[in-house]
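Inside the fold
Residues per chain, in single letters:
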Amino acid sequence: MLWTSFGCLLLFINSIVWNDNVTNWAPVWCDICAHFLVGASVGIPASALCVIRRLYYMTKLQRISVEDAEKRCEIIVDISISIGFPCVIMVLAYVVQGRRFMILEEFGCYLPIVNTLSAYFLIYMWPLVIGLISQVYAILIFRRTLLHKQQLRKMHHAGYPINSSRYWRLMLLCCMEIIFTVPLSIYVIVTNVLLYELVPYSWESVHSDFSQIVQIPTDVWQRTPLEASGVESSRWFFVLCAFVVFAFFGWAEESRNFYRQAFRSVFRHLGYSKTSNLMSSPIQFEASTHLEFSSPSLRSSGDEVSKGDPPRLPPIDHLALHMDVDWLSKPVAPPELAHGRNRWSLQPLERNLV
């Protein structure tokens, strides 16, 4: 989610700053932004791999570790895969980076990578490799889920910090990521092979004019549909990921609780404490049901009933039952029907009251 959020933010800023111009307004910003987009193209599928890897260990019916050392080790592994490895790719991109950066009109900063064989092994192949590994994990997860349905159902109630709803949402999210990652990775590789000539690699030839800033207007990078689709797909890929993540988790119960707490905090700071209290207290409804028992023998006996003792009820022959229930649609039986007639019977009520 962090890779997707920052990627959407950077591309949104770039589309505003470089709208209808290719001026080099912020060189340092372009250095950071161009390398970040390369790392995010690997970081998003790597993060999904961490999630689906955790789900795989859960379907193996292994309890999630509760020891501090084991938790620390798992966190280190996840951070290494989702953040450390993409950062390594960002550093390795300098090996095949022909210019400092490019500025594309209406797009913003872009990292110019020379189309050499080394670029495919250092940059282009890793999203495809990670997507294929995630597919293997997904197949194993679905297989174990079908074989161990009862055990997995018990697992969700046996101390695991994930319920079945969140489990299946994560599974669907990972499946969506796998469906889009592998085809897009293949599409990027095929596009580079078709558009640009493969040149032999040498450090001197690649970095000979490294300090040059390439500025490309819109009519140049949109001259062919294949080249335009390649640039546009790298931008809208982050937007698609953002919509997918929000569709699966934006309306979940924990997300709604977070939104509710955020609104309460805003209202509280604005001075609307009554509104906040109204939102925090659930509305309660009371049924208008009233049972009144009266008996001549009970009134004439003069016995006092203590507060701690349950009330003593008279025999059923002297009971006059008055019911005031708004939602009761059946007519109340006349008192004389309680003395043995068969249409209305109060004997079940007598067994409950005694």
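Below is a short write-up of the structure. It should be emphasised that the depicted structure is a prediction, and the values quoted were computed from it without experimental measurement.

1. Considerations on the overall build of the protein chain
Counting its regular elements, the protein chain contains 13 helices and 5 strands. Here the protein chain, with 354 residues, has 32% of them falling under the buried criterion. Summarising the internal contacts of the protein chain: among those between residues at least 6 apart in sequence, 79% fall at separations of at least 24. On the protein chain, roughly 22,800 Å² of surface is accessible, and the fraction owed to carbon and sulfur atoms is 64%.

2. Considering unusual backbone geometry
We note that aspartate 20 has phi near 65°; this positive angle belongs to a residue other than glycine. Considering the arrangement of structural elements, one finds aspartate 20 in the loop between helix H1 (2-17) and helix H2 (27-59). Phi is positive for glutamate 106, close to 70°, though the residue is something other than glycine. Tracing the backbone shows glutamate 106 in the loop between strand E1 (101-104) and strand E2 (108-110). The class for glutamate 106 is partly exposed, based on a relative accessible area of 29%.

3. A closer look at the state of the cysteines
Here the structure, examined in full by the defined rule, presents 1 disulfide. The residue that forms a disulfide with cysteine 30 is cysteine 109, at a sulfur-sulfur distance of 2.0 Å. Residues cysteine 30 and cysteine 109 are joined by a disulfide whose S-S torsion is about -50°; by sign, that bridge is left-handed. Residue cysteine 30 is located in helix H2, and its partner cysteine 109 is located in strand E2; the two are separated by 79 residues in the primary sequence. We classify cysteine 30 as buried; its relative accessible area is 0%.

Analysis parameters
Residues numbered from 1 in each chain as written. Predicted model: local features only at pLDDT ≥ 70, side-chain atom pairs only at ≥ 80, totals over all residues. Heavy atoms only, no water. Helix = DSSP H or I, 4+ residues; strand = E, 2+ residues; numbered from the N terminus. Buried < 20%, exposed > 50% of the residue type's maximum accessible area, 1.4 Å probe, protein only. Contact = heavy atoms within 4.5 Å. Areas by Shrake-Rupley, 256 points an atom, 1.4 Å probe, with all protein chains shown as cover. Disulfide = S-S within 2.5 Å.

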